[in-house]
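# Analysis of the macromolecular model
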Amino acid sequence: MPIDPLVADLTLAEVRAAQRRNRVRSGSLRFPMLAVGVLNLLAAPWALVMGRDHLGIFFVVGLPIVAWRTGIHHRRRADIEGVKARVAPWVLSAFGLLALSAVTSHLGFTSHTYLLTEIGPTLVFAFGYLLLGWWGHNRPLVLATLGMIAFSVATPVIAAGDAGLALQLVVDAALLIVAARQPVPFAGPAG
């Protein structure tokens, strides 16, 4: 049975549009991943010098800078490629994760739950990045977050307190930077 050329062309156009939407969604996470990785690298010495209890202020100042740079990056990318990626999901997620991380840390402190205080905040961010990676069909980010989760759980055996958090920040930064540099293969149509 012959295939109608018009139907074949429309189907092919629809598949290409789905591929393009998926690549835009996946690619929109690459710059913020890299920027947050750098921010985490800068946060590690802050945690050692100022202490982990004062890390929230670092991120309250740093995340808006990352969001601003991400917005500039995506506007430039839209001008060059003609494809506009939304920054809002990342920005809302980042600030939501920051708030939830602070709540988790405070809950661990008030309930005298050492483990929650030590690994809870970084696990909050790792699970948030996992959801973003899943939403964006970004396999490198998903794999990086699995590494973050595993390392966060293992960190109390290696180091504790400010040094443990600084170590988690460095490892998370390295995983985010490596994931941001990986190509994101097409993972099926994005709806």
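The structure displayed is predicted, hence computed values, not measured ones.

## Remarks on the packing of helix 4 (residues 88-110) against helix 5 (residues 114-135)
In a packed pair of helices, the relevant descriptors are the angle between the two axes and the axis-to-axis distance. The interhelical angle for the contact between helix 4 and helix 5, taken along N-to-C directions, is 160°, at an axis separation of 8 Å. When the axis of helix 4 is compared with that of helix 5, the two are roughly antiparallel. Considering the relative orientation of helix 4 and helix 5, their crossing is right-handed. In terms of residue class, the contact of helix 4 with helix 5 is built from 15 nonpolar, eight polar and no charged.

## Examining the environment of Gly133
By secondary structure assignment, the location of Gly133 is in helix 5. Remark: the alpha-carbon pair of Gly133 and Leu29, spanning 104 residues in sequence, is separated by 8.0 Å.

## Topic: the nonpolar core
Grouped together as the largest cluster of nonpolar side chains are 35 residues, with contacts concentrated most on Leu55, Phe59, Trp90, Tyr129 and Leu169. If you list the elements that add at least two residues to this core, you get helix 2 (30-50), helix 3 (55-81), helix 4, helix 5, helix 6 (139-158) and helix 7 (161-181). The residues contacting Phe59, other than those within four sequence positions of it, are Leu39, Asn40, Ala43, Pro64, Leu98 and Leu169.

## Some remarks on helix 7
The end-to-end C-alpha distance of helix 7 is 31 Å, a good match for the 30 Å that 21 residues give at a rise of 1.5 Å each. Of all the residues in helix 7, the buried ones are Gly161, Gly164, Leu165, Ala166, Gln168, Leu169, Asp172, Ala173, Leu176, Ala179 and Ala180.

## Quick look at the side chain of Asn40
Inspection of the secondary structure puts Asn40 in helix 2. Look at Asn40 and you get buried, because its relative accessible area is 5%. Once you skip the residues sitting within four places of it in the chain, Asn40 turns out to touch Phe59, Leu169, Asp172, Ala173 and Leu176.

## Here's the deal with helix 6
An ideal rise of 1.5 Å per residue puts 28 Å on 20 residues; helix 6 measures up with 28 Å between its terminal C-alpha atoms. At Ser152, helix 6 is deflected by roughly 30°, the largest bend along its length, and proline Pro156 occurs up to four residues later in sequence. Buried within helix 6 are the following residues: Pro140, Leu141, Ala144, Thr145, Met148, Ile149, Phe151, Ser152 and Thr155. Where the residues of helix 6 are buried, they touch helix 2, helix 5 and helix 7. Of the residues flanking the start of helix 6, the one acting as N-cap is Asn138, its side-chain oxygen 3.0 Å from the backbone nitrogen of Leu141.

## A short note on the packing of aromatic side chains
Inspection of every chain in the model, using the stated rule, returns four aromatic pairs. For the ring pair Trp46 and Phe58, a centre distance of 5.4 Å and an interplane angle of 45° mean the geometry is tilted. Taken together, the positions of Trp46 in helix 2 and Phe58 in helix 3 put the pair twelve residues apart, joining distant regions of the chain. Three or more aromatic residues link up through ring pairs in this structure, and these residues are Trp46, Phe58, Phe59, Phe125 and Tyr129.

Conventions we followed
Residues numbered from 1 in each chain as written. Predicted model: local features only at pLDDT ≥ 70, side-chain atom pairs only at ≥ 80, totals over all residues. Heavy atoms only, no water. Axes fitted to C-alpha atoms, helices over the stretch in contact; angles between N-to-C directions. Helix = DSSP H or I, 4+ residues; strand = E, 2+ residues; numbered from the N terminus. Parallel < 35°, antiparallel > 145°, perpendicular 65-115°, else oblique. Left-handed = near helix turned anticlockwise from the far one by under 90°. Nonpolar A, V, L, I, M, F, W, Y, C, P; charged D, E, K, R; others polar. Core = buried A, V, L, I, M, F, W, Y, C linked by side-chain atoms within 4.5 Å. Buried < 20%, exposed > 50% of the residue type's maximum accessible area, 1.4 Å probe, protein only. Contact = heavy atoms within 4.5 Å. Expected span 1.5 Å × (residues − 1). Bend = angle between axes of the 7 residues up to and from the residue. Polar contact = N/O pair within 3.5 Å; in protein donor to acceptor, adjacent residues only side chain to side chain. Phe/Tyr/Trp six-rings, centres within 6.5 Å; stacked < 30°, edge-to-face > 60°.

Everything listed here is a matter of geometry and, on its own, says nothing about what the molecule does.
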